[in-house]
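Chain and residue survey
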Amino acid sequence: GMRARFAYDPKALPYLGYWHTEGGFRGDRNIALEPATAYYDGVSIAARNRRESALHPGETLDIHVSLALEPTENGGTAI
């Protein structure tokens, strides 16, 4: 009966990753969406494929990510 709305600026964070763990990290089970400036699972892999993202000294990147939890109409399932 709940829906999650996730919003961010796709120009600042052009990639959206999805990951899940099944107990491999501290025994936790997690599912997450992760907005990012680059893709691949590691900086070295991204760099090797020339897809890394970096800030130069003194440069900034302002981002805003919001998450809202809302009831669905009539308690139905949200997709």
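Procedures and definitions
- Residues numbered from 1 in each chain as written.
- Predicted model: local features only at pLDDT ≥ 70, side-chain atom pairs only at ≥ 80, totals over all residues.
- Heavy atoms only, no water.
- Helix = DSSP H or I, 4+ residues; strand = E, 2+ residues; numbered from the N terminus.
- Rg over C-alpha atoms; globule rule 2.2 N^0.38 Å.
- Buried < 20%, exposed > 50% of the residue type's maximum accessible area, 1.4 Å probe, protein only.
- Contact = heavy atoms within 4.5 Å.
- Lys, Arg positive; Asp, Glu negative; His and termini not counted.
- Charge placed at Lys NZ, Arg CZ, Asp CG, Glu CD.
- Salt bridge = Lys/Arg side-chain N within 4 Å of Asp/Glu carboxyl O.
- Patch = residues over 30% accessible without salt bridge, like charges linked within 9 Å, V, L, I, M, F, W, Y side chains within 5 Å.
- Areas by Shrake-Rupley, 256 points an atom, 1.4 Å probe, with all protein chains shown as cover.
- pLDDT = per-residue confidence, 0-100.

Observations concerning the overall build of the protein
Assigned secondary structure in the protein consists of one helix and four strands. Helices (α) and strands (β) of the protein occur, in sequence order from the N terminus, as β-β-β-α-β. A compact globule built from 79 residues should have a C-alpha radius of gyration of about 12 Å, whereas the protein, at 17 Å, is more than 25% larger. Oriented by its inertia axes, the alpha-carbon framework of the protein measures out at about 50 × 30 × 20 Å. For the protein, the proportion of its 79 residues judged to be buried stands at 8%. Contacts in the protein between residues at least 24 apart in sequence constitute 50% of all its contacts with a sequence separation of at least 6. Of note, the protein has its 8 positive side-chain charges centred 5 Å away from the centre of its 10 negative side-chain charges.

Examining the pattern of salt bridges
Applying the stated criterion across every chain yields a total of three salt bridges. Between Arg3 and Glu70 there is a salt bridge, with the nearest N and O atoms lying 3.3 Å from each other. Of this pair, Arg3 sits in strand β1 (residues 2–8) while Glu70 sits in strand β4 (residues 65–71), placing them 67 residues apart in sequence. A relative accessible area of 25% means that Glu70 is categorised as partly exposed.

A closer look at unusual backbone geometry
Both trends apply: most residues other than glycine have a negative phi, and most peptide bonds are in trans. One non-glycine residue, Arg50, lies in positive phi territory at about 55°. Along the chain, Arg50 falls in the loop between α1 (43–48) and β4.

Digging into the environment of Tyr15
Following the sequence through the fold, Tyr15 ends up in strand β2 (residues 15–25). Residues within four places of Tyr15 in sequence aside, it is in contact with Tyr8, Glu34, Pro35, Ala36, Thr37, Ala38 and Tyr39.

What about a nonpolar patch on the surface?
Residues Met2, Phe6, Leu16, Tyr18, Ile31, Leu33, Leu55, Leu61, Ile63, Val65, Leu67 and Leu69 make up a contiguous nonpolar surface patch of roughly 1200 Å² in combined accessible area. For the nonpolar patch, the element with the most residues is β4, which contributes three residues. Along the chain, Ile63 turns up in the loop between α1 and β4.

Re the environment of Asp41
The residue Asp41 is located in the loop between β3 (28–36) and α1 in this model. The spatial distance from the C-alpha of Asp41 to the C-alpha of Gly17 is 9.3 Å, given a sequence separation of 24 residues.

So, the confidence of the model for the protein
Looking at the protein as a whole, its pLDDT mean stands at 85, while 94% of the residues score no less than 70. Across the protein, β4 holds the top mean pLDDT of 92, while β2 sits lowest at 84.

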